[in-house]
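Now for the letters of each chain:
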Amino acid sequence: MTAVLRIGLILISIMSFFIIVRKIRKSKIRIEDGLFWVVFAIILIVFAVFPGVIYFISDFVGAKSPANIVYLIIIGMLLIKLFFMSIQISLLENKVVNLAQEMALKEKEDGEE
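Bear in mind that the values here come from a model prediction, so they are computed numbers and not experimental data.

Our focus in this paragraph is the overall build of the protein. Regarding its fold elements, the protein presents 4 helices and 0 strands. Mapped from its N terminus to its C terminus, the protein presents α and β elements in the order α-α-α-α. Taken over the C-alpha trace, the protein has a radius of gyration of 22 Å; the compact-globule value for 113 residues is 13 Å, which it surpasses by more than 25%. A principal-axis box enclosing the C-alpha atoms of the protein has dimensions of 75 × 35 × 15 Å. Excluding contacts between residues fewer than 6 apart, the proportion of contacts in the protein whose partners are at least 24 apart in sequence is 60%. Working note: accessible area of the protein is about 8,600 Å², and carbon and sulfur atoms make up 71% of it. Across the protein, the 12 positively charged side chains and the 10 negatively charged ones have centroids separated by 20 Å.

Side chains that are nonpolar tend, in soluble globular proteins, to be buried together. Membership of the largest hydrophobic core comes to 13 residues, with the highest contact counts inside it found for L5, L9, F40, L44, I54, V70 and I74. Breaking this core down by element, the ones donating at least two residues are α1 (3-25), α2 (31-49) and α4 (66-112).

What follows is about the layout of surface pockets. Roughly 160 Å³ of volume is contained in the largest pocket. Surrounding the largest pocket, L9, I12, S13, S16, I20, W37, F40, A41, L44 and I74 form its lining. Breaking the lining of the largest pocket down by element, the ones donating at least two residues are α1 and α2. Take the lining of the largest pocket: its biggest share by element is 5 residues, from α1. Of the residues in the lining of the largest pocket, the class split is 8 nonpolar, 2 polar and no charged.

It is worth spelling out the UniProt feature "transmembrane region" (unreviewed entry) in the protein at this point. The UniProt feature table records "transmembrane region" (unreviewed entry) at residues 6-22, 34-57 and 69-92. Between the end C-alpha atoms of residues 6-22 there is a gap of 24 Å, over a span that is 100% helix and 0% strand. Along residues 69-92, the helical share is 100% and the strand share 0%, with 34 Å between the first and last C-alpha atoms.

Bringing unusual backbone geometry into the picture now. Both trends apply: most residues other than glycine have a negative phi, and most peptide bonds are in trans. With phi around 60 degrees, S27 is a residue other than glycine that occupies positive phi space. Assignment of secondary structure puts S27 in the loop between α1 and α2. Classification of S27 by relative accessible area gives exposed; the value is 63%.

The next point concerns the environment of W37. Along the chain, W37 falls in helix α2. You can call W37 partly exposed: its relative accessible area is 28%. Excluding its chain neighbours within four sequence positions, the residues that come into contact with W37 are I20, I29, L78 and K81.

Two side chains that carry opposite charge are able to pair once their charged atoms sit near each other. This structure, assessed with the given rule, holds 3 salt bridges. In this structure, D33 and R30 form a salt bridge, with 3.3 Å as the shortest nitrogen-oxygen distance. D33 gets classed as buried once you look at its relative accessible area, which sits at 19%. A relative accessible area of 42% places R30 in the partly exposed class. The closest approach of N and O atoms between K81 and D33, which form a salt bridge, is 3.5 Å. On the criterion of sequence distance, the pair formed by K81 in helix α4 and D33 in helix α2 is long-range, its members being 48 residues apart.

How each quantity is defined
Per chain, the residues get numbers from 1 upward, laid out in the order the sequence is written. Only residues with pLDDT of at least 70 get local features here, since the model is predicted, and only at 80 or more are side-chain atom pairs given and counted; chain-wide, interface and lining totals rely on the full set of residues. Computation of side-chain values: all heavy atoms of the structure, hydrogens and water removed. Secondary structure is summarised from DSSP: a helix means a run of H or I of at least four residues, a strand means a run of E of at least two, and numbering begins at the N terminus for each. Just to be clear, the radius of gyration here is over C-alpha atoms, and the globule rule we use is 2.2 Å times residues to the power 0.38. Only heavy atoms matter for contacts: two residues are in contact if any of them lie within 4.5 Å across the pair. In short, Shrake-Rupley with a 1.4 Å probe defines the accessible areas, and a residue's cover is counted only from the protein chains shown. Neither His nor the chain ends contribute to the count of charged residues, in which Lys and Arg are positive and Asp and Glu negative. The location of each charge is read from NZ of Lys, CZ of Arg, CG of Asp or CD of Glu. Here, the term nonpolar core denotes a set of buried Ala, Val, Leu, Ile, Met, Phe, Trp, Tyr and Cys residues that are joined through side-chain atoms within 4.5 Å. The buried label goes to any residue with under 20% of its type's maximum accessible area, the exposed label to any with over 50%, and the partly exposed label to all in between, with areas taken from a 1.4 Å probe on protein chains only. Only protein atoms enter the 1 Å grid used here, on which a cavity is any set of points holding a 1.4 Å probe that cannot leave and a pocket is any open set flanked by protein within 12 Å on both sides along at least five of seven lines; residues with an atom within 4 Å of a point are listed as lining. Grid points are joined across faces, edges and corners, and a volume is the space filled by probe spheres set on the points. All amino acids are sorted into three groups, where Ala, Val, Leu, Ile, Met, Phe, Trp, Tyr, Cys and Pro are nonpolar, Asp, Glu, Lys and Arg are charged, and the leftover types, Gly among them, are polar. UniProt positions are given in the numbering used here, feature names are shortened, and annotations may be inferred rather than shown by experiment. Salt-bridge detection follows one rule: a side-chain nitrogen of Lys or Arg within 4 Å of a carboxyl oxygen of Asp or Glu.

Right under this line is the structure:
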């Protein structure tokens, strides 16, 4: 892993860590969602500070470049986050439909009286 990639990972991770913590403090993001991003930033910092972990994983998997493993892990974690967000959106859409139906029934009942 090149020094530029390591420095970039460290800087971006530290900046994102502080941005997420600030958003949590201002109640602009839920703690559960912020926790994912904080853990994500910490993992990237660990990879940048201890590149031996990435070298071990890339040797174990047989990747040609440790940077490819870093990108693979990042993409994998983001896909997992996307999957859970899709589930959350589906649940919220169901709640919206149910609320709209309940409101329509209530309005119909109020109109009949």
